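Architecture at a glance
Chain by chain, the residues run as shown.
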Amino acid sequence: KLTMPREIITLQVGQCGNQVGMEFWKQLCKEHGINNEGVLEEYATQGDDRKDVFFYQADDEHYIPRALLIDLEPRVIEMIQKSAFSSLYNPENVFISKEGIGAGNNWASGYSQCEKIQEEIMEMIDREADGSDSLEGFVLLHSIAGGTGSGMGSYLLEKLNDRFPKKLIQTYSVFPNYLDSSDTVVQPYNSLLTLKRLTLNADCVVVLDNTALNRIAVDRLKIPNPSFAQTNSLVSTVMSASTTPLRYPGYMNNDLIGLLASLIPTPRCHFLMTGYTPLTIDIQASSVRKTTVLDVMRRLLQTCLLYTSDAADDLLCVDLGGRRIIKKK
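Overview of the structure.

A few points about the environment of Glu115
- Relative to the elements of secondary structure, Glu115 occurs in helix 3 (residues 107–130).
- Judged by its relative accessible area of 45%, Glu115 is partly exposed.
- In this structure the C-alpha to C-alpha distance between Glu115 and Lys159, which are 44 residues apart in sequence, comes to 9.8 Å.

Quick look at the pairing of strand 4 (residues 67–71)
- By the criterion of burial, strand 4 is predominantly enclosed, with five of the five residues buried.
- Side-chain alternation along strand 4 places Ala67, Leu69 and Asp71 on one buried face and Leu68 and Ile70 on a second face that is also buried.
- In terms of strand pairing, strand 1 (residues 7–13) meets strand 4 through four bridges, oriented parallel. By the bridge assignment for strand 4, Val13 is matched with Ile70.
- Across three bridges, the pairing between strand 4 and strand 5 (residues 94–96) is parallel. Looking at strand 5, one finds that Ile70 is bridged to Phe95.
- Handedness of the strand 4-helix 2 (residues 75–81)-strand 5 crossover: right-handed.

Quick look at helix 7 (residues 228–242)
- With 15 residues, helix 7 should cover 21 Å at 1.5 Å per step; its first-to-last C-alpha distance of 21 Å lies within 8% of that length.
- Residues Thr231, Asn232, Ser233, Leu234, Val235, Ser236, Thr237, Val238, Met239 and Ser240 constitute the buried set of helix 7.
- The elements touched by buried residues of helix 7 are helix 1 (14–32), strand 6 (135–143), strand 7 (168–175), strand 8 (204–209), helix 6 (210–220) and helix 8 (244–247).

Quick word on the nonpolar core
- Core analysis: the largest hydrophobic core is formed by 45 residues, its most contacted members being Trp25, Phe54, Phe55, Tyr89, Leu234 and Tyr307.
- Top element by residues in this core is helix 1. It accounts for six residues.

Focus on the environment of Lys159
- Looking at the element boundaries, Lys159 is found in helix 4 (residues 148–163).
- Remark: the alpha-carbon pair of Lys159 and Gln118, spanning 41 residues in sequence, is separated by 8.6 Å.
- Among all residues touching Lys159, those that are not within four sequence positions of it are Gln118 and Met122.

Overview of the pairing of strand 1
- Extensive coverage of strand 1 is indicated by the burial of seven of its seven residues.
- When strand 1 meets strand 6, the two strands line up parallel, connected through six bridges. For Glu7, the partnering residue across the bridge sits in strand 6 and is Leu135.

Things to note about the side chain of His32
- Structurally, His32 can be placed in helix 1.
- Within the structure, the side chain of His32 is placed 2.9 Å from the side chain of Arg247, a separation counted as a polar contact.
- In contact with His32, not counting residues within four places along its chain, are Leu40, Ala44, Asp49, Lys51, Phe55, Arg247 and Tyr248.

A short note on the pattern of salt bridges
- Summed over all chains, the structure comprises seven salt bridges.
- The partner of Glu92 in a salt bridge is Arg127, and the shortest N-O contact between them spans 3.8 Å. Remark: Arg127 occurs in helix 3 and Glu92 occurs in the loop between helix 2 and strand 5; sequence separation between them is 35 residues.
- As a salt-bridge pair, Glu158 and Arg197 come within 3.0 Å of each other at their nearest N and O atoms. Of the two residues, Glu158 is situated in helix 4 and Arg197 in helix 5 (residues 187–201); the sequence distance between them amounts to 39 residues.
- By relative accessible area, Arg197 is classed as buried at 13%.

Description of helix 6
- Buried residues of helix 6: Thr211, Ala212, Leu213, Ile216 and Ala217, and no others.
- The inward-facing, buried residues of helix 6 abut strand 8 and helix 7.
- N-cap assignment for helix 6: the residue whose side-chain oxygen lies 2.9 Å from the backbone N of Thr211 is Asp209.
- Positive backbone phi, at 60°, marks Lys222, one or two positions downstream of helix 6.

What to know about the sheet that holds strand 1
- Pairing is parallel across the open sheet formed by seven strands, whose spatial order is 5-4-1-6-7-8-9. Here the strands that pair on one side only, and so sit at the sheet edges, are strand 5 and strand 9 (271–272).
- The pairing of strand 6 with strand 7 spans seven bridges and is classified as parallel. The residue of strand 7 that forms the bridge with Gly137 is Leu168.
- Packing against the sheet, helix 6 makes contact with strand 7 and strand 8, and its axis sits at approximately 50° to strand 8.

Conventions and cut-offs
Residues numbered from 1 in each chain as written. Predicted model: local features only at pLDDT ≥ 70, side-chain atom pairs only at ≥ 80, totals over all residues. Heavy atoms only, no water. Helix = DSSP H or I, 4+ residues; strand = E, 2+ residues; numbered from the N terminus. Buried < 20%, exposed > 50% of the residue type's maximum accessible area, 1.4 Å probe, protein only. Pairing = 2+ DSSP bridges. Right-handed = clockwise from strand over helix to strand, strands pointing away. Expected span 1.5 Å × (residues − 1). Contact = heavy atoms within 4.5 Å. Core = buried A, V, L, I, M, F, W, Y, C linked by side-chain atoms within 4.5 Å. Polar contact = N/O pair within 3.5 Å; in protein donor to acceptor, adjacent residues only side chain to side chain. Salt bridge = Lys/Arg side-chain N within 4 Å of Asp/Glu carboxyl O. Axes fitted to C-alpha atoms, helices over the stretch in contact; angles between N-to-C directions.

The quantities given are spatial measurements derived from coordinates; they are silent on function.
Structure (structure tokens):
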């Protein structure tokens, strides 16, 4: 029996969260046949996809993402508002702090600033939740190393858990590159404090490691100096692939709880590694490679294709359509 779509609200927090979110919505628009104005293309009108999970239709039938763009400094959100996709988003769902000074890469600053402005943000979230017929949960996009994504993201996780205790919370969390020395002295402090909130307040955390993203771009895609846009494109591809069962009708894993059901026996052990194959970027999309199901499964078990660094290579557990494959190195 096919289930009705259940809506998911996306929160993009901080510079990293908004940059990744912008690539994610570009990818979803491309897959569902929605142009950068939010208008459904003629060729996509007969599809049976479930756009209502991540989009809703305005009175003029434009599709608008169920997304909140939140930041303490204006630079990235202003860049989105000046891009080709500026008309896609609901302007009422954009929040930029009036001070506009950011969090200074400090978790405590992001957390305390969010505490002062949380009423405005929660009002935006409540409005989106009230506009949903059957809200299933929230997706948070953020980085754990900076100030806004870590501090503000931590506070919002606590508030969401308190305000919507029966709704699921999934995060796509970008972890710092541990191979390069950071300009942010308090990066480990930011990461540790955020990890505590991710452990206590999130139902599922998809780990996106900057170290692994750079390694994949250099070693697999042969990009000598990958840009943020190229690594964000890798992230948006995985986000799109992992949400495909939610957006297209099927008989398995067609809602968020179905995807997360295997985590129920170990609720604290909800940090997921993700992999994707075959890897391409836009400039390589013209090349076609023959592949089989066996090839795909074999590649997915290669740790070099995982979006996490080699610190977790000893044991790998893969869930493919309800079947669990455990590989020990």
